[in-house]
Amino acid sequence: MADPKKKKSEEENEDEEFLEDELEFEFEESDDDDELSEDEAKKFVKDIADKLYIQERIIEGQKKIIEQYQNKINQLTQQQQSSSLEIALSQEETSYADIGGLDSVLEKIKHFEYGINCPYAYSSYGIDPPKGLLMYGPPGTGKTMVAKAMSNELDCWFLELPLSLIISKYVGEAEQNLEAAIESAKKKYKQTKKKVMLFVDEAEQMFRKKGSHNGHEVVDRCVNVWLRTMDGMGNNEGLIFVAATNYLEKIDDALLRAGRFDYVVEIPKPNLSGVEDIFFKQMDLKERKAGRDIYDVNDFAELSEMMYQRRMTGADIADVLKQASFNQIQYFMKSSADGKPMSKDELMIKDKDLMDVINLYARVKEEKKFVGFNV
Ligand code: ADP
């Protein structure tokens, strides 16, 4: 019987010979004449391993640098967002005295204000004061003006948050922008100890009934941010919630429940005495700003009646006065070009000037051609 150990070593020898042949064959195949010694081969492999290791470290380092840059960019973007929003915070000068034709509305607004200033009056009856004010009514009736006057009266900051600003002005997700805006308002309150009024104009866009956005789920997510904020989960101390809409019926019911926009006030178009009040206050405001008499109006009642008949709002009345001034300036330009100075009397805006504008204004408004009226 053959010795198995011997057989194995013979086989191993044969294998080694075969491998050597193979290697030789490979070396022969190679064009490289310089054969590597074992040490050189080991060094070669070690060098490659070292280089790979170093390259890996470099890549890791580069990844870290990219990460740091990314963090810096994110930080700057956030800072930019909050600083832009802080710039949007304003202290309003509009006062209740400048608002015409809304006496009974202003009574209700003052009631809402009382809940902010004296919440204990409500708690002494075991109820919570209203949380948010929602004003609704046709465009141009003074909703924004009321909100601004209220922020002035309460001596608080005014921060307007239209959906368009939240969605398009800043990069990133809308709800993050909204959260950043709310955070910046809270920060402002902590820094200045002055409350911040968050005002949402065109609220039907931000608070539209859920699922009615034609794929704008982002709006639904914004509604959720508002609900969370108003419910106080994130502590809403120092925030006053005010919104305005032309379409109350489009507002999501969830927003109108108790503890949310639970104080709803209609701002209607003015009646005749409302028109008179607005007309008078708008003229007075412009004269105060100009520091001189501007209007030489004799038939105040007839002009008011004309505006009322055309169902003009406060914004329309303000536009009529603006356009009359614009016409006067054009006239003034032509006269000065002739080298003829205008007399004090000529500089005044008279009944006829206003009547012309009222007639033309109503017509162009109907035709939806506002040429010249939006200067
Ligand atoms: P709304 O927010 O209801 O669309 P605004 O408050 O923006 O209306 O009104 C636009 C402008 O029209 C105001 O800045 C103001 O000049 C004028 N105006 C509107 N309503 C009144 C009002 N009731 N009294 C005085 N001016 C008004």
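The text that follows walks through the structure, step by step, so that each part is easy to find.

What sets the pattern is the α-helix's 3.6 residues per turn: residues three or four places apart point alike. Buried within helix 11 (residues 300-309) we find L303, S304 and M307. Looking straight down helix 11, one finds its buried side chains confined to an arc of 100°; they lie on one side. Facing away from the buried side of helix 11, by more than 90 degrees, are the exposed residues A301 and Q309.

The parallel open sheet is built from five strands, whose spatial order is 2-3-4-1-5. Where the open sheet ends on each side, the last strands, each with one partner, are strand 2 (157-160) and strand 5 (263-266). Across the sheet, the mean angle separating the axes of adjacent strands is 20° when strand polarity is ignored. With four bridges joining them, strand 1 (residues 132-136) and strand 5 adopt parallel strand pairing. Looking across to strand 5, one finds that M135 is bridged to V265. Contacting strand 1, strand 2, strand 3 (196-200) and strand 4 (239-245), helix 5 (residues 143-153) crosses the sheet at an angle of about 165° to strand 4.

A word on helix 7 (residues 174-192). Compared with the 27 Å implied by 1.5 Å per residue over 19 residues, the 27 Å span of helix 7 between its first and last C-alpha is a close match. Among the residues of helix 7, A174, N177, L178, A181, I182, S184, A185 and K188 are the ones counted as buried. Buried residues of helix 7, seen end-on, are gathered within an arc of 155° and therefore sit on one face of the element. Of the exposed residues in helix 7, the ones pointing more than 90 degrees away from its buried face are K190 and Q191. Just downstream of helix 7, K193 is the residue with a positive phi angle, here 60°.

Moving on, we come to the site of the ligand. The ligand sits among 18 residues. The nearest are G142, K143, T144, G314 and A315. The set of elements that each furnish at least two residues to the shell around the ligand consists of helix 5, helix 10 (272-290) and helix 12 (314-337). Here the shell around the ligand is built from residues that sort into eight nonpolar, eight polar and two charged. Each of domain 2 (96-266) and domain 3 (272-368) gives at least three residues to the shell around the ligand.

Between helix 10 and helix 11, the shortest axis-to-axis distance is 9 Å and the interhelical angle comes to 120°. In terms of their interaxial angle, helix 10 and helix 11 are classed as oblique. As helix 10 packs across helix 11, the resulting crossing turns out to be right-handed. Residue-level contacts link L272, V275, E276 and F279 of helix 10 to L303, S304, E305, M307 and Y308 of helix 11.

A separate point is the nonpolar core. Within the largest apolar cluster, 51 residues are counted, with the highest numbers of intra-cluster contacts made by V146, L159, V196, M197, L198, F199 and C222. When neighbours within four sequence positions are excluded, C222 is seen to be in contact with I166, A174, E175, L178 and M206. If you look at the next biggest cluster of nonpolar residues, it comprises 16 residues, including Y295, L303, A318 and I349.

Moving on, we get to the environment of D296. Tracing the backbone shows D296 in strand 6 (residues 295-296). Here D296 falls in the exposed class, since 12 other C-beta atoms lie within 10 Å of it. Spatially, the C-alpha atom of D296 lies 4.9 Å from that of K350, the residues being 54 residues apart in sequence.

The next point concerns the pairing of strand 1. Counting buried positions along strand 1 gives five out of five residues, so the element sits mostly inside the fold. The alternating pattern of strand 1 places G132, L134 and Y136 and L133 and M135 on opposite faces, both of which are buried. Pairing geometry for strand 1 and strand 4, over five bridges, is parallel. Paired with M135 across the bridge in strand 4 is A244.

Conventions adopted
- Residues numbered from 1 in each chain as written.
- Predicted model: local features only at pLDDT ≥ 70, side-chain atom pairs only at ≥ 80, totals over all residues.
- Buried ≥ 20, exposed ≤ 12 C-beta atoms within 10 Å, placed from the backbone.
- Helix = DSSP H or I, 4+ residues; strand = E, 2+ residues; numbered from the N terminus.
- Arc of directions from axis to C-beta.
- Pairing = 2+ DSSP bridges.
- Axes fitted to C-alpha atoms, helices over the stretch in contact; angles between N-to-C directions.
- Contact = placed C-beta atoms within 7 Å.
- Expected span 1.5 Å × (residues − 1).
- Near = placed C-beta within 6 Å.
- Nonpolar A, V, L, I, M, F, W, Y, C, P; charged D, E, K, R; others polar.
- Domains from an automatic or database assignment.
- Parallel < 35°, antiparallel > 145°, perpendicular 65-115°, else oblique.
- Left-handed = near helix turned anticlockwise from the far one by under 90°.
- Core = buried A, V, L, I, M, F, W, Y, C linked by C-beta atoms within 7 Å.

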